[in-house]
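Observations on the model geometry
Okay, here's what each chain looks like letter by letter:
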Amino acid sequence: MSAPIAATPSLPDIARLRPRQQMAMECARCARYLGPNGEVLCDVRHQGLLFRLWICGPACRSPTPGLRTGVES
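Attention here is on the structure that accompanies the text. (Residues numbered from 1 in each chain as written. Predicted model: local features only at pLDDT ≥ 70, side-chain atom pairs only at ≥ 80, totals over all residues. Heavy atoms only, no water.)

**A few points about the pairing of strand β1 (residues 39-46)**
As a reminder, the rule being used: At least two DSSP bridges between two strands are needed for those strands to be called paired. Strands are runs of DSSP state E lasting at least two residues, helices are runs of H or I lasting at least four, and both sets are numbered from the N terminus onward.
Examined bridge by bridge, β1 and strand β2 (residues 49-55) share seven bridges and lie antiparallel to one another. Following the sheet pairing, Arg-45 is matched in β2 by Leu-50. Hairpin remark: β1 followed by β2, antiparallel, with two residues in the connecting loop; positive phi at Gln-47, about 50°.

This is the structure in C-alpha cells:
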C-alpha cells in the first residue's frame with residue numbers, strides 16, 4: 001500500500017508555454033506581462049534545462065493554467 005499523494009495545483013505544461021513565459025517575462029498561467037511583480041510558481045526541468053516559472057501572484061485568475069491566452073491549438 002502506498003502513501004496518499006498530497007493534492008498539488010496543476011502546473012503549466014512547459015512545452016506549451018511561449019518563450020516569454022519560459023523566460024519569466026510573462027505569467028506562466030495567463031501570459032500577462034510581469035514587470036517587476038510576480039511570484040515563483042515552481043522550478044521545472046524540460047529537455048534537461050531548468051526553468052523557474054513565475055506567475056502574477058494571487059491576482060492571477062487564469063481559467064486554465066498552462067494554456068496560452070489568445071492562441072488556438
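**A short note on the state of the cysteines**
Rules: A pair of cysteine sulfur atoms is labelled a disulfide when the two atoms are within 2.5 Å. Burial classes: relative accessible area under 20% of the type maximum marks a residue as buried, over 50% as exposed, and values in between as partly exposed (1.4 Å probe, protein chains only).
The tally for this structure, following the rule as stated, stands at zero disulfides. Distance from the sulfur of Cys-27, which forms no disulfide, to the nearest cysteine sulfur (Cys-56) is 3.6 Å. Considering cysteine sulfurs only, Cys-56 is the nearest to Cys-30, which forms no disulfide, with 3.5 Å between them. On the basis of relative accessible area, Cys-30 is assigned to the buried category, the value being 7%.

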